[in-house]
Amino acid sequence: MLIRPSVPRDLRSSEITPESLYLSRREWLAAAGLTVGAIAGASALLAKRADAQQAVGTPFGLQPDDKPTPWMDVTSYNNFYEFGTGKDDPAVEAKGFKPRPWTVKIDGLVKKPGDFALDDFLKGSKVEDRIYRHRCVEAWSMVIPWRGIMLADVLKRAEPAPSAKFVEFTTLYDPARMPGQRSSVLRWPYTEGLRLDEAMHPLALLATGVYGRDLPNQNGAPLRLVVPWKYGFKGIKSIVHIRLTDRMPVTAWNTSAPDEYGFYCNVNPTVDHPRWSQAKERRIGEFLRRPTLMFNGYADQVASLYAGMDLRKNY
Ligand code: MTE
């Protein structure tokens, strides 16, 4: 994020060719001289890809013109510096990563700390499919059908002590499996944080999937944070540790560039990032930029968390 230019990646032809101009699949394959068997095989493959793009879930805070961003974009245009600094790197470099077995530790200021195998960690929480808006600080956006559990569920089970005020999240540190950690581009392991009341908000998710499937590695398998009213980089990936604390946690981007990234990182069209205006955004797959909404369109649900705060200072 830090070292990438703000220019969006090249448009795919599928984003600029009106659907009405496509030949039907069968016509095209027949014109290409393929046999009936090959046509059936290729059609099945295309149908499978189309299935992968069926968004499942309950829309949360979507605007009337919000459409789910295609699976291909959601899973191929990512920041995950543990697997390289390019947007295309994670989908390639994380291919061989094995997100099982996986243990999540919860500790710090809780009455019930523990180390949980992933399935035990998820047990007892309702798994939901929710379609959220997603706004990156680099001024592009997507609409993503996540699958996951409410972070509040997990925290309540751990029974936070009255002194707990913040939640710190940490990504796996394993340079053998995450080659990007062999470079010093960020301070490893990647960490993130939320105030406890933010973390308890019903919109905050721990995602285990996208488009109704398990998370692909590049999207943060097997467990990542999703906080839809904050910029996308708060969504820490491949979480192994959740710690409750009375101190504001140190976060990866704040450590690396404190003038650019604060603790809160709430989507706010009135406070620009030094390098990217936050007033508008380019939805991946669209030409015209659209206005960015306060708290990414979730103001009714979350604005009260910040009542009385100067959001220019607390960026
Ligand atoms: N989590 C880890 N562990 N490492 C990272 O480099 N990048 C962040 C965030 N979570 C990152 C991370 C950034 S900069 C962004 S924009 C989002 O992941 C992008 O994730 P997504 O597009 O797959 O949702």
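Structural data are supplied above this passage.
So, a few notes on the structure that sits alongside this text. Throughout this description, residue numbers start from 1 for each chain and increase along the sequence as written. For a predicted model such as this one, the threshold for reporting local features is a pLDDT of at least 70, and the threshold for listing and counting side-chain atom pairs is 80 or more; totals across whole chains, interfaces and linings nevertheless cover every residue. Side-chain metrics rest on all non-hydrogen atoms present in the structure, leaving aside hydrogens and water.

As for the pairing of strand β12 (residues 280-283)
Now for step 1: Bridge analysis of strand β5 (residues 140-150) against β12 gives 2 bridges, and the strand direction is parallel. Note that in β12 the partner of S141 across the bridge is R283.
Now for step 2: Pairing between strands is defined by DSSP: at least two bridges between the two strands are required. Note on conventions: DSSP H or I runs of at least 4 residues are helices, E runs of at least 2 residues are strands, and numbering of each starts at the N terminus. Relative to strand β13 (residues 290-291), β12 runs antiparallel, the two sharing 2 bridges. Pairing of K280 across the sheet is with P291, part of β13.
Now for step 3: In this structure, the hairpin formed by β12 and β13 is closed by a connection of 6 residues, where G285 is found at a positive phi of approximately 100 degrees.

Thoughts on helix α7 (residues 151-158)
Now for step 1: Three labels apply to residues, based on accessible area from a 1.4 Å probe with only protein chains included: buried if under 20% of the type maximum, exposed if over 50%, partly exposed otherwise in between. Listed as buried for α7 are L151, A152, V154, L155 and A158. On an axial view of α7, the arc spanned by its buried residues comes to 160 degrees, and they lie on one face.
Now for step 2: Positive phi shows up at E159, right after α7, with a value of about 60 degrees. By definition, the arc is the one covered by directions from the helix axis to the C-beta atoms.

Section: the environment of T103
Now for step 1: Relative to the helices and strands, T103 resides in strand β2 (residues 103-108).
Now for step 2: A residue is classified by how much of its surface remains accessible, and T103, at 44% relative accessible area, is partly exposed.
Now for step 3: Residues T103 and D115 lie 12 residues apart in sequence; the distance between their C-alpha atoms is 6.4 Å.
Now for step 4: Residue contacts are counted whenever heavy atoms from the two residues lie within 4.5 Å of one another. Setting aside its immediate chain neighbours within four residues, T103 contacts D115, F116, A117 and V240.

Focus on the nonpolar core
Now for step 1: Residues enter a nonpolar core if they are buried and are Ala, Val, Leu, Ile, Met, Phe, Trp, Tyr or Cys, with the set joined through side-chain atoms within 4.5 Å. Core analysis: the biggest nonpolar cluster contains 78 residues, and F121, L206 and I242 have the highest contact counts within it.
Now for step 2: Look past the residues within four positions of L206 in its chain and what remains in contact with it is F121, R147, G148, I149, L151, V154, L223, R224, L225, I239 and I242.

Re the site of the ligand
Now for step 1: Every one of the 17 residues lining the ligand counts as a neighbour, but N78, Y81, E82, G235 and K237 are closest to it.
Now for step 2: Pairing of N or O atoms within 3.5 Å defines a polar contact, subject to two protein rules: one partner must be a possible hydrogen donor and the other a possible acceptor, and residues neighboring in sequence count only if both atoms are side-chain atoms. Side-chain polar atom of T171 to a nitrogen atom of the ligand: 2.9 Å apart, as the coordinates give it.
Now for step 3: To measure how exposed things are, a 1.4 Å probe is used in the Shrake-Rupley method; for residues, cover is taken only from the protein chains shown. For the ligand, the protein covers 99% of the area, taking 530 Å² as the surface of the free molecule.
Now for step 4: Looking at the shell around the ligand, its residues break down into 7 nonpolar, 7 polar and 3 charged. Consider each residue's heavy atoms; a residue with any of them within 4 Å of a molecule or strand counts as near. Residue polarity is assigned by list, with Asp, Glu, Lys and Arg as charged and Ala, Val, Leu, Ile, Met, Phe, Trp, Tyr, Cys and Pro as nonpolar; anything else, Gly included, falls into the polar class.

Let's talk about the pairing of β5
Now for step 1: Taken across its 11 residues, β5 has 10 buried, putting it largely inside the fold.
Now for step 2: If you look at the hairpin formed by strand β4 (residues 128-135) and β5, you'll find 4 residues sitting between the two strands, and A139 has a positive phi there, around 75 degrees.

Considering the packing of aromatic side chains
Now for step 1: Stacked, edge-to-face and tilted labels apply to pairs of Phe, Tyr and Trp rings (six-membered ring for Trp) whose centres lie within 6.5 Å, assigned for plane angles under 30 degrees, over 60, and everything in between, in that order. Enumeration according to the criterion identifies 14 aromatic pairs in this entry.
Now for step 2: Considering the side-chain rings of F60 and Y132, the 5.7 Å spacing of their centres and the 85 degrees angle between planes classify their relative orientation as edge-to-face. A residue pair is termed long-range when its members are at least 10 positions apart, and F60 in the loop between β1 (58-59) and α4 (71-76) and Y132 in strand β4 qualify at 72 residues.
Now for step 3: With centroids separated by 5.4 Å and ring planes inclined at 80 degrees, the aromatic side chains of Y81 and W253 adopt a geometry described as edge-to-face. Here Y81, found in the loop between α4 and α5 (89-93), pairs with W253, found in helix α9 (residues 252-256); they are 172 residues apart in sequence, far enough to count as distant.
Now for step 4: Among the aromatic residues, those joined into a cluster by ring pairs are F166, F263, Y264, F295 and Y306.
Now for step 5: Counted as over-ring charges are cases with an Arg CZ or a Lys NZ within 6 Å of the ring centre that also lie within 35 degrees of the ring normal. The side chain of K87 reaches across the aromatic face of Y77, ending 5.8 Å from its centre.
Now for step 6: The ring of W71 is capped by R213, whose NZ or CZ atom sits 5.2 Å from the centre of that ring.

Notes on the pattern of salt bridges
Now for step 1: We define a salt bridge as a contact between a side-chain nitrogen of Lys or Arg and a carboxyl oxygen of Asp or Glu at a distance within 4 Å. Inspection of the entire model under this criterion finds 19 salt bridges.
Now for step 2: For R243, the salt bridge is made with E168, and the minimal N-O distance between the two is 3.0 Å. Note that R243 is positioned in strand β11 (residues 239-245) and E168 in strand β6 (residues 166-171), a separation of 75 residues in sequence.
Now for step 3: With a relative accessible area of 12%, E168 lands in the buried category.
Now for step 4: Among the salt bridges present, the one from R275 reaches E260, with a minimum N-O distance of 2.8 Å. With R275 in the loop between α9 and β12 and E260 in the loop between α9 and β12, this residue pair connects regions lying 15 residues apart in the sequence.
Now for step 5: Put simply, D65, D66, R133, R135, E281, R283, E286 and R290 are held in one network by salt bridges that share partners.

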